Every structure is written in C-alpha cells, then in structure tokens.
Amino acid sequence: MRNAVPTIGYTRTAIALHWLIALLIFSAFPLGITMADLPFSPGRLKLYSYHKWIGVTVFLLALARVAWRIGHPAPPPHAGMPAWQRIASVAAHHLLYVLILAVPISGWLMSSAKGFQTVYLGIIPLPDLLTKDKALGDALLLVHQILNFTLGALVITHLTAALKHYFIDRDEVLGRMIPLLDRKK
C-alpha cells in the first residue's frame, strides 16, 4: 500500500447526503435530456414533474448538506497529495456545492418564467419566483443547460479523481466516502 498517510473520514450523515444527492443527480440528468426531446404528451408532462421533484429534493438535501458542513467541517485533503491537487480538490468541492444549489434554482426560475408552476410531489405548490416572460424563460433554459453540463463535467472529473486515488495512488481517499473500501481496514 503506497501513500499510507492516515486519513480522517467523513461523518455518516455527510456520506449519506453525498450519495443521496449523487443518486438523484444521476437520475435527473438523463431524465432531463430524455424529456426535452419527447413530443408534447401527458407522459412528457409527467417526466417534467418527476424531474422537478428530483430537482427540489436535490436542493433541499444540498441545503441540509451545507448546514451539516457548517457544523462538521470536511476532512482535510489527503496529506500525501501534491499541493496543486489539494487546491484543486478544495476548489472542485466548493464548485460542486455551488452547482448542486444553482442547478435546481435555475430550473425553478426557468419554470416560473415559462409560466409552469412547480408542484412538489404533486402536493405542495411552490411559489413562482418570476412572472411569466418567454424571453427570460428561454434565456434561463440556456443557463440551466449550461449549469447542468458544467455539473456533469465536474462530476466526471470528481469520479475520475476518486478512481485515480483508489487504483493508481492506492491511498485512502475513496475510502473516506465509501468506508467499505477503506484500505486501512
């Protein structure tokens, strides 16, 4: 085992929030791409509702994660990493937090501007954040798409870095978020 520097793990709550948000993002992203290309139909409207429900849930879980993080700081980056990787890791994690909040907000703003109210789980109507404005709705659609593809690229980078730590560096970084893989055990 190379780079056997002791690591500090994440709390169970942080791990649970991480994986719940990841699962929802992995569901919402392909759903969003699929539904956009479907012809107008009741099925398409149902998929839009599911997509919005997932987005609202991601937003709520992201708020919970930020609140948790305030009281429970993230463990420091792996001490065996070069300084540039530690800086990149911290920057990427901060950008992930920004995007998991910004993507749902941009979707909510877009829905509001396009005149489609979000009704969470088909039960709780959320207030429209903007008045109906087609041009603004179209601009916010582009913003929502750009933020989503940026998030997708960052998630792929995040996954690639985690796998690099596990398979190439053979350190405990991935084990901090997946305790079953912790090489110290």
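Here's a quick rundown of the structure. Note on numbering: residues in each chain are counted from 1, in written sequence order. Restriction of local features to residues with pLDDT of at least 70 applies here, the model being predicted, together with a cutoff of 80 or more for giving and counting side-chain atom pairs; totals for whole chains, interfaces and linings are based on all residues. Excluded from the side-chain calculation are hydrogens and water; included are all heavy atoms of the structure.

Before going further, it helps to spend a moment on the overall build of the protein chain. Within the protein chain one finds four helices and two strands. Secondary structure elements follow DSSP: runs of H or I of four or more residues count as helices, runs of E of two or more count as strands, with numbering from the N terminus. Listed by position from the N terminus, the elements making up the protein chain come as α-α-α-β-β-α. When its C-alpha atoms are laid out on the principal axes, the protein chain stretches across 55 × 30 × 25 Å. Classification of the 185 residues of the protein chain by burial places 35% in the buried group. Residue contacts follow a heavy-atom distance rule, with two residues in contact if any of their heavy atoms lie within 4.5 Å. Long-range pairs, those at least 24 residues apart, make up 67% of the contacts in the protein chain between residues at least 6 apart in sequence. The Shrake-Rupley method, run with a 1.4 Å probe sphere, supplies the accessible areas, and residue values consider only the shown protein chains as cover. Put simply, the protein chain shows about 10,900 Å² of open surface, and 74% of that area lies on carbon and sulfur atoms. Charge convention: Lys and Arg are scored as positive, Asp and Glu as negative, and His as well as the terminal groups of each chain are ignored. A charge is said to be at NZ when it belongs to Lys, at CZ for Arg, at CG for Asp and at CD for Glu. If you average the places of the 17 positive and of the 8 negative side-chain charges in the protein chain, the two averages end up 5 Å apart. Each residue is assigned to one of three classes by its accessible area relative to the maximum for its type, calculated with a 1.4 Å probe on protein chains only: buried under 20%, partly exposed between the two thresholds, exposed over 50%.

On to the packing of helix α3 (residues 83–114) against helix α4 (residues 134–169). Two elements in contact, α3 and α4, have axes whose closest approach is 8 Å; the angle formed by their N-to-C orientations is 150 degrees. In terms of axis orientation, α3 runs roughly antiparallel to α4. In the crossing of α3 with α4, the sense of the turn from one axis to the other is left-handed. In this description, a line fitted to the C-alpha atoms serves as the axis of each element, helices being fitted only across the stretch in contact, and the angle between N-to-C directions of two axes falls anywhere from 0 to 180 degrees. The cut-offs work like this: below 35 degrees is roughly parallel, past 145 is roughly antiparallel, 65 to 115 is roughly perpendicular, and the gaps in between are oblique. Helix crossings get a hand from a simple test, with the near helix turned counterclockwise from the far one by less than a right angle marking a left-handed crossing and a clockwise turn marking a right-handed one.

Helix span, as expected, comes to 1.5 Å for every residue beyond the first. With 32 residues, α3 ought to run about 46 Å at 1.5 Å a step, and its terminal C-alpha atoms sit 45 Å apart, in line with that. Positive backbone phi, at 85 degrees, marks Gly 115, one or two positions downstream of α3.

Time to look at the environment of Met 81. Its place among the elements puts Met 81 in the loop between α2 (42–71) and α3. Met 81 gets classed as buried once you look at its relative accessible area, which sits at 8%. For the pair Met 81 and Asp 171, spaced 90 residues apart in sequence, the C-alpha separation works out to 9.7 Å. In contact with Met 81, other than residues within four places in its own chain, are Arg 86, Ser 89 and His 165.

To continue, consider the environment of Ala 91. Counting through the fold element by element, Ala 91 comes out in helix α3. Expressed as a C-alpha distance, the spacing of Ala 91 and Leu 136, which sit 45 residues apart in the sequence, is 31 Å.

Time to look at the nonpolar core. Across soluble globular proteins, nonpolar side chains show a tendency to be buried alongside one another. We define a nonpolar core as any set of buried Ala, Val, Leu, Ile, Met, Phe, Trp, Tyr and Cys residues linked to one another through side-chain atoms lying within 4.5 Å. Grouped together as the largest cluster of nonpolar side chains are 18 residues, with contacts concentrated most on Ile 21, Ile 25, Ile 54, Val 58, Ile 100 and Leu 151. Residue assignment for this core shows that the elements contributing at least two residues are α1 (12–36), α2, α3 and α4. It is α1 that provides the largest number of residues to this core, a total of six residues. Here Ile 25 is in contact with Pro 30, Val 58, Ile 100 and Leu 151, once residues within four sequence places are set aside.

The next subject is a nonpolar patch on the surface. A residue counts toward a patch only above 30% relative accessible area and without a salt bridge, and it is joined to like-charged neighbours within 9 Å or, for Val, Leu, Ile, Met, Phe, Trp and Tyr, to nonpolar neighbours within 5 Å. Salt bridges are defined as contacts in which a side-chain nitrogen from Lys or Arg sits within 4 Å of a carboxyl oxygen from Asp or Glu. Together, Leu 121, Ile 123 and Ile 124 make up an exposed nonpolar region whose accessible area comes to about 300 Å². Structurally, the position occupied by Ile 124 is in strand β2 (residues 124–125). What makes Ile 124 partly exposed here is its relative accessible area of 45%.

Moving on, we get to α1. The terminal C-alpha atoms of α1, which comprises 25 residues, lie 36 Å apart, in line with the 36 Å expected from a rise of 1.5 Å per residue. What α1 keeps buried is the set Ala 14, Ile 15, Leu 17, His 18, Ile 21, Ala 22, Leu 24, Ile 25, Ala 28, Leu 31, Gly 32 and Met 35. Looking at the buried residues of α1, the elements they touch are α2, α3 and α4.

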